[in-house]
Amino acid sequence: MNPHPQANPAVHTIHHAFKLPLVGESAIALDEFIPIFHGWIRNRALADEVMIDVADYAHVHGGPGVLLVCHEGHYVVDRSRNLLGLAYHRRRGQPLADGTADATLALRRLIRAARLLADDPALAGRAVFDTTRLELRVLDRLRAPNDDAGWAAVQPSLRGAIAAVWGHEGALERHVGDPRAPLSAWARLPATALAALHA
Amino acid sequence: MDDVRWKQRLAGAASAELEAEIDVFETQLRLRKDGKIEDKLFAETRLRRGAYGQRYDNGRRYDGEKDQTIAFPCGDLTKGPETVWDAPGMVRIKIPFGALTATQLEVMADLAEEYSDDILHVTTRQDIQLHFIHIDDTPDLFRRLAAVGITTREACGNSVRNVTGCPVAGVCKTEAFDISPYAKALAHYLLGHPDTQDFGRKFKIAFSGCATEACGLALMHDIGLVAVTRPGDAGATERGFEFYVGGGLGAVPHQALLLDGFVPEAELMPLTQAVCRIFARHGEKQNRARARLKFLVKKLGLPAFKQMVDEERAKIPPEARWSAWIDSVAAHDQPKRPPAPALRKAGDAALDAWWQTNVRPQRQPGYAVVSVTLPLGDFTPDQARGLADLAREYTGDTIRLTVEQNLVLRWVPEADVPQVYARLAALGLAEPGAESIVDVTACPGTDTCKLGISASRGLAGELRTRLAARSAGHDEALGSLRIKVSGCFNSCGQHHVADLGFLGVQRNVEGRRVPHFQVVLGGQWTHNAGQFGLAIGAVPSKRIPEVVDRITSLFARERSSGERFGAFIKRVGKSKIRDMLTDLMDVPPYEQARELYHDWADPREYGIGDIGVGECAGEIVSVAKFGLADGERVVFEASEALERGDAVAAAKGALAAMLLAAKALVRQQTFDIGDDPARIVEEFRARFYDTKLFFDTYAGGKFAHYFFALAARDLQAATLDDAHHYVEEAQLFIEAAYACETRMAQAGATAPA
């Protein structure tokens, strides 16, 4: 047996999860995204992602809705925390230069997916994203615990990522809720067209 | 931040032994990456640690038009035969008798959020499963579980799986006594025990507090233990167990047999140990299809098996661990709040409806058991944290998972039930209908399981939605029916013991695959899964809701006063039911009914890329299908004979059905076959078994073995029990024949030479 140098080393990619709200709660049903995500896999719509499958959890209240499961992360359309939106949860990947680069990559992937949905003919222009708000979560209780120290550690990279994509840091505010939940924050951002973001 | 590791952070939180085990596993991961462990060995290693495979982990996926390669970055590194390293997998977390603390639930919520897909899934055996986990994440995941007293060790593989138990044990009105401490003690005793490390197949144990209810499902397990008491010395009551062996579902279900009517509590461990030793020593090791304990019990016969067990028991040197725990069985679960009787329900219709189905009084006055309905067994990390809060505040840290994929809170003061309801409603967990016709259970099926044939979860979700919309019209008899769905013949959805069971199969119609479900009727959920149902025919997946509608409407319309569903089916007869469904079994061509060529909750055309499409193939396939359909008809007639109590006719019918199916396949290769059974067997063996044409990817030649074995038997001596197995085997053989025919069509091998 030969060793496998190409195997992933034990990388420590920060698990950033960013969510962009969709405008209009009832405009689109979650199950409309199922064929769209299957189509993305069929057409290899995301060139730098290894797309695996589509999971349907629309039956779960406040759950992950519909997921496009990829090797490095999941694209999720859900109503979690009472907010309909598209999220990208980064899980793994080659380590980048720093936390800001990690967060920027995750955010750019989210924006790219949002653009694809906004332009998808099956949704006929109903996928309208609110670019003035962004939910940020860090799904890594070891490296980013939900406390002041964790917040201090990740804040610069979150600000950096937003600046890279929006061209503006916006106003970042930590969401202090259930301490058992992942570290999370909201960004208030200047209104910018989806197409004008630096994805 | 990158220097921090869970290993350091949690050092000392778990037992040294458990920490060392996980360290060893992490080393094994490294060795596999370095090419120093062979992949088969690594596969069994990770299985025994609870890290399972998942659909598409061979790196291939059908996208609705064609097969695609999933280009994982790991290259050719595998974590088992045909199992790509980077492909996500499932982690099964054993929860003995389904008992959890709030802290344990919170940790699993964290894990679902950080490593999985934000969903915790309750299985039909009281485990929690997390899906889409990368193997590299498993050591840390195991450490975090170990830190709160959970091990995934032996959750999969050829080992003692999760020990299940009645979720209302200790608070139930009909139990002999609380089985919880016994289940806990036995689960811990057997974990990693040297006598359980050399099994040829998995081994399942279940506890039940009484004979009549369903909760423990003891009779469908390798070992089933039913609590009983008898008068002891000096007026005391002695506790013990009815000890059953050799039950199991799987492809061919077997009901467990009574090994001993009263095993005293102190004998529980040594007798179980003796059974394990006999299974390890004499159980099948080469042929996985015949390796469960049920086959050994059947082969030896119960008296001979019992004699071997008794002799082995006598040889085992006594151990303090056998009885050291017994003194602590009395105090197990304690309430947090004092009892308080229910105040009148407030006239809130939603609360009333929920109370009716999801709340039942405990044996202890003033307390209630609250069932939390989890749709398809799924819940989120946020919901898990909310449930943990409820468990701490109201129940004294007691949560139990159920085999119906729900969760129960016990020791809730009845007066607090409305507040608990309000809190559950805020979490989106106040759906009524627990343990009713609406509460459909299902295995993962094609959603995530490598073996799934049909979308069991998709169908279950659809039935759940439709039945919930009609639930107000359900009377008690209709409302209490159980529907269970399995995505393949392995029966993880436990369809055999449902009133209405569905088993995923497929059919080939003019060169295209059509997802179907076999309709299984006559199972009995109560009395610890007291009876197994039989299939009456296969219907396209998309028409199953209509099947449910017709059967339940007939039951509502024509049942006698007080008549239960099983008795009704027996009185009306399966023939009538089948006749009522015949029109649903015919599948129009693709152009006329495209929706039937899709499965539930999946927009991809079902399997179209896997088979060739052509006029020639379609025409010749239809010839073979006549024979297969004849086989289906004959096996149905055999099941009717079984119902009449005519074992010999049923056994002969099962063989005749297999012969028809085998002949249909042989005719694909030669017209010169005739009707002589010996000739059909011989030709089938040479053309389909020896060539492995008939072999299933996962089951190999198992279904052909059923055929050969039955053809060699003296069917005049068949008992009803034998005949039941033969009919089940014939059904599976016919399903395998359909699958074989499809594969041949795909390969273009459809015309006689």
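Residues numbered from 1 in each chain as written. Chains lettered and ligands numbered in written order. Predicted model: local features only at pLDDT ≥ 70, side-chain atom pairs only at ≥ 80, totals over all residues. Heavy atoms only, no water.

Participant: So what about the overall build of chain A? Which residues, and what values?
Facilitator: Along chain A, the regular secondary structure elements total 3 helices and 8 strands. For a compact globule of 199 residues, the expected C-alpha radius of gyration is about 16 Å, and chain A comes in at 17 Å, within 12% of that figure. In chain A, which comprises 199 residues, the share counted as buried stands at 57%. Counted over contacts in chain A with a minimum sequence separation of 6, partners at least 24 positions apart contribute 64%. Between the mean site of the 21 positive side-chain charges and the mean site of the 21 negative ones, chain A shows a separation of 1 Å. (Helix = DSSP H or I, 4+ residues; strand = E, 2+ residues; numbered from the N terminus. Rg over C-alpha atoms; globule rule 2.2 N^0.38 Å. Buried < 20%, exposed > 50% of the residue type's maximum accessible area, 1.4 Å probe, protein only. Contact = heavy atoms within 4.5 Å. Lys, Arg positive; Asp, Glu negative; His and termini not counted. Charge placed at Lys NZ, Arg CZ, Asp CG, Glu CD.)

Participant: With reference to specific residues and values, describe the interface of chain A and chain B.
Facilitator: Accessible area lost on assembly of the parts is the figure often given for the size of an interface. Taken together, the contact between chain A and chain B spans 49 residues of the former and 64 residues of the latter. Taken together, both faces of the contact between chain A and chain B bury some 4600 Å²; the carbon and sulfur share is 53%. The largest per-residue losses of area from chain A upon contact with chain B belong to Arg 141, Leu 142 and Arg 180 of chain A, which jointly make up 15% of the total buried on that side. Summed over the shared surface of chain A and chain B, the result is 9 salt bridges. In this assembly, chain A and chain B are joined by 21 residue pairs in polar contact (both at pLDDT 80 or more). Looking at the side of chain A that touches chain B, the elements that each hand over two or more residues are helix H1 (33-43), strand S2 (51-57) and strand S3 (65-70) of chain A. No other element matches the 7 residues that S2 of chain A contributes to the side of chain A that touches chain B. Broken down by class, the residue content of the side of chain A that touches chain B amounts to 22 nonpolar, 14 polar and 13 charged. (Buried area = accessible area lost by both parts, 1.4 Å probe. Salt bridge = Lys/Arg side-chain N within 4 Å of Asp/Glu carboxyl O. Polar contact = N/O pair within 3.5 Å; in protein donor to acceptor, adjacent residues only side chain to side chain. Nonpolar A, V, L, I, M, F, W, Y, C, P; charged D, E, K, R; others polar.)

Participant: Break down the state of the cysteines for me, citing the residues and quoting the values.
Facilitator: As used in these notes, a disulfide is a covalent bond between sulfur atoms, one from each of two cysteines. Residue and element names in this part refer to chain B. Considering all chains together, one arrives at 0 disulfides over all chains under this definition. Among the cysteines around Cys 156, which has no disulfide bond, Cys 492 carries the closest sulfur, lying 11 Å off. You can see Cys 276 has no disulfide; the closest cysteine sulfur is in Cys 156, sitting 18 Å from it. (Disulfide = S-S within 2.5 Å.)

Participant: Tell me about the sheet that holds strand S1 (residues 51-52) of chain B, and please be specific about residues and values.
Facilitator: Residue and element names in this part refer to chain B. Ordered by their spatial adjacency, 5 strands build an open sheet running S1-S6-S9-S8-S17, and the pairing between neighbours is antiparallel. Unpaired on one side and paired on the other, S1 and strand S17 (378-379) mark the two borders of the sheet. Note: strand S6 (residues 89-93) against strand S9 (residues 128-133), 4 bridges, orientation antiparallel. Across the sheet, Val 91 pairs through a bridge with Leu 130, a residue of S9. (Pairing = 2+ DSSP bridges.)

Participant: Before we move on, can you summarise helix H12 (residues 417-426) of chain B with the specific residues and values?
Facilitator: Residues and elements named next belong to chain B. Here H12 has its buried residues at Val 417, Val 420, Tyr 421 and Leu 424. Projected onto a plane normal to the axis of H12, the buried residues spread over an arc of 105° and lie on a single side. Just past H12, the residue Gly 428 takes up positive phi, approximately 75°. (Arc of directions from axis to C-beta.)

Participant: Please set out the packing of aromatic side chains residue by residue, giving values where relevant.
Facilitator: Residues and elements named next belong to chain B. Counted under the stated rule, the structure contains 31 aromatic pairs over all chains. When the ring of Tyr 367 is compared with that of Trp 411, the centres are 5.0 Å apart and the planes differ by 80°; the resulting orientation is edge-to-face. Residue Tyr 367 is located in strand S16 (residues 367-372), and its partner Trp 411 is located in strand S19 (residues 407-413); the two are separated by 44 residues in the primary sequence. By the burial criterion, Tyr 367 is buried, and Trp 411 matches it. Look at Tyr 590 and Tyr 597: their rings are 5.2 Å apart centre to centre, the planes differ by 85°, and that puts the pair in the edge-to-face class. Judged by relative accessible area, which is 8%, Tyr 590 ranks as buried. (Phe/Tyr/Trp six-rings, centres within 6.5 Å; stacked < 30°, edge-to-face > 60°.)

Participant: Provide a residue-level description of unusual backbone geometry, including the pertinent values.
Facilitator: All names here are of chain B. Phi is positive for Glu 82, close to 55°, though the residue is something other than glycine. Examined against the element boundaries, Glu 82 turns out to sit in the loop between strand S4 (78-80) and strand S5 (83-84). A positive phi angle, close to 60°, is found at Phe 132, a residue other than glycine. Position of Phe 132 among the secondary structure elements: in strand S9.

Participant: Give a description of the pairing of S19 of chain B that names residues and reports values.
Facilitator: Residue and element names in this part refer to chain B. Burial of S19 is extensive: 7 of the 7 residues sit out of reach of the surface. Bridge analysis of S16 against S19 gives 5 bridges, and the strand direction is antiparallel. Residue pairing in the sheet places Ala 368 in a bridge with Val 412 of S19. In this sheet, S19 lies alongside strand S18 (residues 399-401) in antiparallel orientation, the contact comprising 3 bridges. Residue Arg 400 lies in a different strand from S19, and its bridge partner there is Val 408. Linking S18 back to S19 in an antiparallel pair, the connection comprises 5 residues, with Gln 405 at a positive phi of about 65°.

Participant: Explain the confidence of the model for chain A residue by residue, including any values.
Facilitator: Mean pLDDT over chain A works out to 91, with 93% of the residues at or above the 70 mark. This model gives residues 1-11 of chain A a pLDDT under 50, and the stretch forms 28 contacts once residues within four places in sequence are excluded. (pLDDT = per-residue confidence, 0-100.)

Participant: With reference to specific residues and values, describe the sheet that holds S18 of chain B.
Facilitator: Taken in spatial order, the 5 strands make up an open sheet running S7-S18-S19-S16-S15 (chain B), and their pairing is antiparallel. In this open sheet, the two edge strands, each paired with only one partner strand, are strand S7 (99-100) and strand S15 (359-361) of chain B.

Participant: Before we move on, can you summarise the pattern of salt bridges with the specific residues and values?
Facilitator: Residue and element names in this part refer to chain B. Per the counting criterion, the structure on display carries 77 salt bridges over all chains. Of the charged contacts, one joins Lys 285 and Asp 198 as a salt bridge, the two residues approaching to 3.6 Å between their closest N and O atoms. Of this pair, Lys 285 sits in the loop between helix H7 (268-282) and helix H8 (293-300) while Asp 198 sits in the loop between helix H6 (180-190) and strand S11 (205-208), placing them 87 residues apart in sequence. Judged by its relative accessible area of 34%, Lys 285 falls in the partly exposed class. Glu 643 serves as the salt-bridge partner of Lys 574, at 3.1 Å between the closest nitrogen and oxygen. Within this pair, whereas Lys 574 is found in helix H18 (residues 574-585), its partner Glu 643 is found in helix H19 (residues 615-644), the two being separated by 69 residues in sequence.

Participant: Report on the packing of helix H4 (residues 102-115) of chain B against helix H5 (residues 138-146) of chain B, specifying residues and quantitative values.
Facilitator: Residue and element names in this part refer to chain B. Where H4 contacts H5, the axes come no closer than 10 Å and their chain directions differ by 165°. The angle between the axes of H4 and H5 places the two elements in the roughly antiparallel class. In the crossing of H4 with H5, the sense of the turn from one axis to the other is right-handed. From H4, Val 107, Met 108, Asp 110, Leu 111, Glu 114 and Tyr 115 reach across to H5, where they touch Asp 140, Leu 141, Arg 144 and Leu 145. Tallied by class, residues from the contact of H4 with H5 come to 6 nonpolar, no polar and 4 charged. (Axes fitted to C-alpha atoms, helices over the stretch in contact; angles between N-to-C directions. Parallel < 35°, antiparallel > 145°, perpendicular 65-115°, else oblique. Left-handed = near helix turned anticlockwise from the far one by under 90°.)

Participant: Which residues make up the nonpolar core, and what are the values?
Facilitator: All names here are of chain B. Ile 128, Phe 379, Leu 409 and Leu 424 are the most contacted members of the largest nonpolar core, which has 79 residues in total. When residues in this core are grouped by element, the largest group, 7 residues, is from H4. Ignoring sequence-local partners within four residues, the contact set of Leu 424 consists of Trp 354, Val 370, Val 372, Leu 387, Leu 390, Leu 429 and Ala 430. Ranked by size, the runner-up nonpolar core spans 54 residues in total, among them Phe 489, Ala 661, Ala 718 and Cys 740. (Core = buried A, V, L, I, M, F, W, Y, C linked by side-chain atoms within 4.5 Å.)

Participant: How would you explain H5 of chain B if you had to name every residue and give the values?
Facilitator: Residues and elements named next belong to chain B. In terms of burial, H5 is largely enclosed, as 9 of its 9 residues are buried. For H5, the set of buried residues is Thr 138, Pro 139, Asp 140, Leu 141, Phe 142, Arg 143, Arg 144, Leu 145 and Ala 146. On its buried face, H5 sits against helix H1 (6-9), helix H2 (16-33), S1, S6, H4 and S9.

Participant: How would you sum up the domain arrangement of chain B? Please name residues and give values.
Facilitator: All names here are of chain B. Domain parsing of chain B yields domain 1 (6-97 + 121-146), domain 2 (172-328), domain 3 (349-426), domain 4 (436-608) and domain 5 (611-753). Between the C-alpha centres of domain 3 and domain 4 the distance comes to 29 Å. Carbon and sulfur atoms supply 42% of the area buried between domain 3 and domain 4, which totals about 860 Å² over both sides. Considering only the surface of domain 3 that becomes buried against domain 4, Leu 376, Glu 404 and Gln 405 emerge as the three largest contributors, covering 64% of it. The interface formed by domain 3 and domain 4 holds 3 salt bridges in total. The partner of Arg 457 in a salt bridge is Asp 378, and the shortest N-O contact between them spans 2.6 Å. Counting every contact that joins domain 3 to domain 4 gives 5 residue pairs in polar contact (both at pLDDT 80 or more). Taken together, the residues of the side of domain 3 that touches domain 4 sort by class into 4 nonpolar, 3 polar and 2 charged. (Domains from an automatic or database assignment.)

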